[in-house]
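Descriptive analysis of the structure
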Amino acid sequence: MLLKKLSELKGTSGAEKAVRDTLREEIAPWVDSISVDKIGNLIATKKGSEPAPEILLTAHMDEVALMITEITPDGFLKFRSVGLIDPRILVSKPVQISGINGVIGAKAIHLQKPKERQHALKLEQLYIDIGAKSQEEANKHVKLGDYAYFMTKFESLGSGFFKGKAFDDRVGCYIITEILKKNFNLALVAAFTVQEEVGLRGAKVAAYHLKPDFALVLEGTISADMAHLEEEDWVTELGKGPAISIQDRTTLYNPQLIRQVVNLAKEKGIPFQFRRDSRGDNDAGKIHSSREGIPTLSISVPCRYIHSSVSLVKQEDIDHTIQLVEEILQAIPDHFKF
Amino acid sequence: MENERVKHAKEFLKLLSGHHGVSGYESLIAPLVIQEFQSSAEEVKTDRFGNIYALKKGETGRYKIMLAAHMDEIGLMVKKIDPRGFLCFTTIGGVDQRTLLSQEVIIHGRQPITGVIGSMPPHLVQGDGEDGNEAVKIEDMGIDVGLTHEEIQKVIQVGDIITFKRSPLELLGGLIAGKSLDDRAGVVVMQICLQELHRLYHAHDVIAVTTTQEEIGLRGALTSAYTLNPDLAIAIDVTHAATPDTMGQVSIELGKGPAIALGPNIHPRVYESLSEAAQNARIPFQIEPIAGMTGTDAWAIQVAQAGVPTGLLSIPLRYMHTSVETIDMQDVINSGLLLAHFIASLPEDLEGSLCY
């Protein structure tokens, strides 16, 4: 299953090779050209019956992970996070670094003062234990700058959910791959971007050189519909369909475009929801403001426990997102204008 | 020890680590223990408290040596099912709330069900506010099983136990990391000991007891020591091994051999005999002075019936009570061999040798 494969691949910002290679192989039979640009974005084109307008679909390949920044004299690894990770989720987790296993342990509860348990462990206090007895031994297996990844297995969970890592944004990569398998009259260009998690870097470059007429960003986005939180804090909710962004940290989406998607979804009976928070951002931030400005929308699969070692998505949300994207592409240019 | 046996011991440890048995619910793991001990003991039986006894007879059988390692692990328990289907939970044994976020768990309901202890999206956690600096409290966590309240009713109920979903993994240098190595590693030590005793002359009967409910108050040791009323007992447990964040608190190190305890919980002759046996067999060991309560089965056994001369052998372990407890397999093997040599070294007149 492609989503499983993508979820379990290791590829953080600046190190997306494994994801890029897999996607290239997956999309090859369905597209007219494939290339990799100077920053590492994977670009694919699919001709339509008319050369214009050209529609850009993007999803980022990178995931959050850890980078090894120091090997201590006793052979432990210190690290920093690549992208946004709450250090509190790192405690008591296994990780994999360059093919070897490691664990992020923590001082035993027996050795703590009761007050210590109330305070979160900070990133600086954490380290990875790979079993090396010295810096010299560790050096044989790990280099500074290597990345450590969560080892979470992709599996079905409950009724219709998937659990795994890196759904942000392998779920977007998966959706675009599925879309590329279908035929449209439009000229499509797909950009699987790099370095979204460290500042939307790949998208900036791709938008500039691709110059699309319209861009659609496919994401895995924040859902906080979790235990103990009230509905107003959920941002998005799993099982309620694709989330259409209105405003986030770097983009104010065009209301006319949003309205057209809403009307289309209603007309076709596809469930949808709005992304109800302005925190967080995505590749749209760099795309919509590229050159003279590019009409851009973000449609996302809600993702619980995003940016942690284990997230959840719902199958029906993925299916409905694919359906909605398909309808939008079919409605262009006559029934969907930008 | 031959490679084949080392490999087998490692596989047995991984098997036990990957399975589940929270205090009071050891029946899940007991069959694995019983099956394994049947290969090395003459008789394996259980009691009404869930303790498992594996008997290896000695040549004279005049005295009874009890070995004890606990098979229970810490865990969680379903406290409430909220209207949206999230599970609230409480702890069984000493669980650090800071190790729980973003963990995969198994709820032992009508059937085993996978769940996730959810974490807040970091985008919504204020960087410098109180949120990110404070540990998330257990009462603010919830387990997500991807089911609605109605669906859950059919498979999970309040009171069901929860364990961590963690496959053991190998680190460099023969280190193993995983959950509940405390004290499944001790169970493996006893098995190595019984196997080794097949090659050594030993006068006294040895009863290896895998005890229950240690994590919540040494209760299996209390009842099994009463039942056996042994002439000498050794508890096998794990002890904290040094890591960068335990400076000044921990002196025992991983890979430097089993730790032999001494102090009020330990009969001085037993401590001496264990150290002598290690020296004679050229097995590396570390000395672990414990000023009072050892927090192990040894504490309960020592005062069973009219009192039992007791010793404590500990396997160094990092990150105790997390799901990534880490041990050195060589320490496990050395502990097993040391125990066997110690038992073989005991004089026929055991009682005399234990006089103060």
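Residues numbered from 1 in each chain as written. Chains lettered and ligands numbered in written order. Predicted model: local features only at pLDDT ≥ 70, side-chain atom pairs only at ≥ 80, totals over all residues.

**Some remarks on the overall build of chain B**
Our working definition: Every helix listed is a DSSP run of H or I at least four residues long, and every strand listed is a run of E at least two residues long, numbered separately from the N terminus. Neighbour counting defines burial: a residue surrounded by 20 or more other C-beta atoms within 10 Å of its own C-beta is buried, one with 12 or fewer is exposed, and intermediate counts give partly exposed, using backbone-placed C-beta atoms. Two residues qualify as being in contact provided that their C-beta atoms, derived from the backbone, are within 7 Å of each other.
Looking only at helices and strands, one finds 10 helices and 17 strands in chain B. Structurally, chain B occupies a C-alpha span of about 65 × 45 × 40 Å along its principal axes. Looking at the 356 residues of chain B, the share that counts as buried comes to 57%. Counted over contacts in chain B with a minimum sequence separation of 6, partners at least 24 positions apart contribute 77%.

**Re the overall build of chain A**
Under the convention used in this document: We take the radius of gyration over the C-alpha atoms and set the globule estimate at 2.2 Å times the residue count to the 0.38 power.
Looking only at helices and strands, chain A features 8 helices and 17 strands. Against the globule reference of 20 Å for 338 residues, chain A gives a C-alpha radius of gyration of 21 Å, in line with a compact fold. Restricting to contacts in chain A with at least 6 residues of sequence separation, those with at least 24 account for 76%.

**With respect to the sheet that holds strand S14 (residues 259–262) of chain B**
Residue and element names in this part refer to chain B. To be explicit about the condition: Should DSSP find at least two bridges between two strands, the strands are regarded as paired. Fitted lines through C-alpha atoms give the axes, limited to the stretch in contact for helices. The angle between two N-to-C directions lies from 0 to 180 degrees.
Taken in spatial order, the 8 strands of this open sheet run S1-S2-S12-S3-S13-S16-S14-S15, and their pairing is mixed. Single-partner strands in this sheet number two, and they are strand S1 (43–46) and strand S15 (286–289). Pairwise comparison of adjacent strand axes, ignoring direction, gives a mean angle of 25° for this sheet. Strand contacts of helix H6 (residues 219–228): strand S3 (64–70), strand S12 (205–211) and strand S13 (232–240), with the helix running at about 165° to S3, the strand carrying the most contacts.

**Some words on the sheet that holds strand S17 (residues 325–328) of chain B**
Residue and element names in this part refer to chain B. Taken in spatial order, the 3 strands make up an open sheet running S10-S11-S17, and their pairing is antiparallel. Each edge of the open sheet is held by one strand with a lone partner, namely strand S10 (169–170) and S17. The sheet contact formed by S10 and strand S11 (residues 175–178) spans 2 bridges and is antiparallel. Opposite Glu 170, over in S11, you have Ile 176 as the bridge partner.

**Some points on the nonpolar core**
General note: in soluble globular proteins, nonpolar side chains tend to be found buried as a group. To keep things clear, this is the line we draw: Any nonpolar core is a set of buried residues, restricted to Ala, Val, Leu, Ile, Met, Phe, Trp, Tyr and Cys, that join up through C-beta atoms within 7 Å.
Counting 222 residues, the largest nonpolar core has Ile 128 of chain A together with Leu 67, Val 189 and Ile 301 of chain B as its most contacted members. Counting residues per element, this core draws most heavily on helix H5 (residues 181–197) of chain B, which supplies 10 residues. Residues contacting Ile 128 of chain A, with those up to four places away along its chain left out, are Phe 76, Leu 77, Phe 79, Val 95, Ile 97, Gly 102, Val 103, Ile 104 and Ala 148 of chain A.

**Side note on the domain arrangement of chain A**
All names here are of chain A. Our working rule: All the domain ranges listed were derived from an automatic or database domain assignment. Just so you know the grouping, Ala, Val, Leu, Ile, Met, Phe, Trp, Tyr, Cys and Pro go in nonpolar, Asp, Glu, Lys and Arg go in charged, and all remaining residues, Gly too, go in polar.
Domain boundaries assigned for chain A yield domain 1 (2–63 + 165–331) and domain 2 (65–150). Summarising the inter-unit geometry, the C-alpha centres of domain 1 and domain 2 are found 32 Å apart. Listed as interface residues are 11 residues of domain 1 and, on the opposing side, 10 residues of domain 2. In the side of domain 1 that touches domain 2, the residues fall into 2 nonpolar, 5 polar and 4 charged.

**Re H5 of chain B**
Quick reminder of the rule: Here the expected span of a helix is defined as 1.5 Å times the quantity of residues minus one.
End to end, H5 of chain B covers 24 Å across 17 residues, agreeing with the expected 24 Å (1.5 Å per residue, within 8%). Extensive coverage of H5 of chain B is indicated by the burial of 17 of its 17 residues.

**Considering the environment of Gly 292 of chain B**
Residues and elements named next belong to chain B. Following the sequence through the fold, Gly 292 ends up in the loop between S15 and helix H8 (297–301). We classify Gly 292 as exposed; it has 9 C-beta atoms within 10 Å. C-alpha of Gly 292 to C-alpha of Ile 234: the two residues are 58 residues apart in sequence and 17 Å apart in space.

**Brief notes about the interface of chain B and chain A**
Across the boundary between the two partners, chain B contributes 55 residues, which contact 58 residues of chain A. Mapped onto the side of chain B that touches chain A, the elements with two or more residues apiece are strand S7 (112–117), helix H3 (130–133), S10 and S11 of chain B. Counted by class, the side of chain B that touches chain A contains 22 nonpolar, 22 polar and 11 charged residues.

**Some points on the domain arrangement of chain B**
All names here are of chain B. Taken domain by domain, chain B comprises domain 1 (4–73 + 179–345) and domain 2 (75–164). The distance between the C-alpha centroids of domain 1 and domain 2 comes to 32 Å. Tallying the contact residues gives 11 residues for domain 1 and 13 residues for domain 2. By residue class, the composition of the side of domain 1 that touches domain 2 is 3 nonpolar, 5 polar and 3 charged.

**Digging into the packing of helix H7 (residues 268–280) of chain B against helix H9 (residues 329–345) of chain B**
Residue and element names in this part refer to chain B. Selection criterion: Working rule for angles: under 35 degrees goes down as roughly parallel, over 145 as roughly antiparallel, 65 to 115 as roughly perpendicular, anything else as oblique.
Viewed as axis vectors pointing N to C, H7 and H9 meet at an angle of 110°, and their least axial separation amounts to 9 Å. Considered as vectors, H7 and H9 are oriented roughly perpendicular to each other. Counting all contacts with H7, which are made through Ser 273, Leu 274, Ala 277, Ala 278 and Asn 280, the residues of H9 involved are Leu 338, His 341, Phe 342 and Ser 345. Broken down by class, the residue content of the contact of H7 with H9 amounts to 5 nonpolar, 4 polar and no charged.

**Focus on helix H2 (residues 30–37) of chain B**
All names here are of chain B. The condition is simple: This arc is built from the directions going out from the helix axis to the C-beta atoms.
Taken together, the buried positions of H2 are Val 33, Glu 36 and Phe 37. The arc enclosing the buried residues of H2, seen along the axis, measures out at 95°, which places them on a common side. Away from its buried face by more than 90 degrees, H2 exposes Pro 31 and Gln 35. Contact partners of the buried residues in H2: helix H1 (3–18), S1, strand S2 (52–56), H5 and S12.

**Some remarks on the pairing of strand S2 (residues 42–46) of chain A**
Residues and elements named next belong to chain A. Most of S2 sits inside the fold, with 4 of its 5 residues counted as buried. Pairing of strand S1 (residues 33–36) with S2 involves 4 bridges; the strand directions are antiparallel. Looking across to S2, one finds that Ile 34 is bridged to Ala 44. Across 5 bridges, the pairing between S2 and strand S12 (residues 187–193) is antiparallel. Looking at S12, one finds that Lys 46 is bridged to Leu 188.

**Some details on the packing of helix H6 (residues 255–268) of chain A against helix H8 (residues 315–331) of chain A**
Residues and elements named next belong to chain A. Test applied: Note on convention: near helix rotated counterclockwise from far helix by under a right angle means a left-handed crossing. Clockwise means right-handed.
Contact geometry for H6 and H8: axes closest at 10 Å, N-to-C directions at 110°. Judged on the interaxial angle alone, H8 and H6 are roughly perpendicular. Relative to H8, the crossing made by H6 is right-handed. Here H6 contributes Val 261, Leu 264, Ala 265 and Lys 268 to the contact with H8, which in turn contributes Leu 324, Glu 327, Ile 328 and Ala 331. When its residues are assigned to classes, the contact of H6 with H8 shows 6 nonpolar, no polar and 2 charged.

**Brief notes about the environment of Thr 210 of chain B**
Residue and element names in this part refer to chain B. Inspection of the secondary structure assignment puts Thr 210 in strand S12. With 34 C-beta atoms counted inside 10 Å, the residue Thr 210 sits in the buried group. Put simply, Thr 210 and Ile 34 are 176 residues apart on the chain and 9.5 Å apart in space, counted from C-alpha to C-alpha.

**Description of unusual backbone geometry**
All names here are of chain A. Going from Asp 168 to Asp 169, the amide bond is cis rather than trans, its omega being 10°. Following Ile 332, the chain continues to Pro 333 via a peptide bond in cis, the omega torsion being 5°. Considering the arrangement of structural elements, one finds Pro 333 in the segment after H8. Of note, the phi angle at Ser 92 is positive, near 65°, even though the residue is not glycine. In this structure, Ser 92 sits in the loop between strand S5 (77–82) and strand S6 (93–97). Phi angles above zero are rare outside glycine, and Leu 200 is one such case at about 55°. With respect to the helices and strands, Leu 200 occurs in the loop between S12 and helix H5 (201–210). By the C-beta count within 10 Å, which is 22 here, Leu 200 ends up buried.

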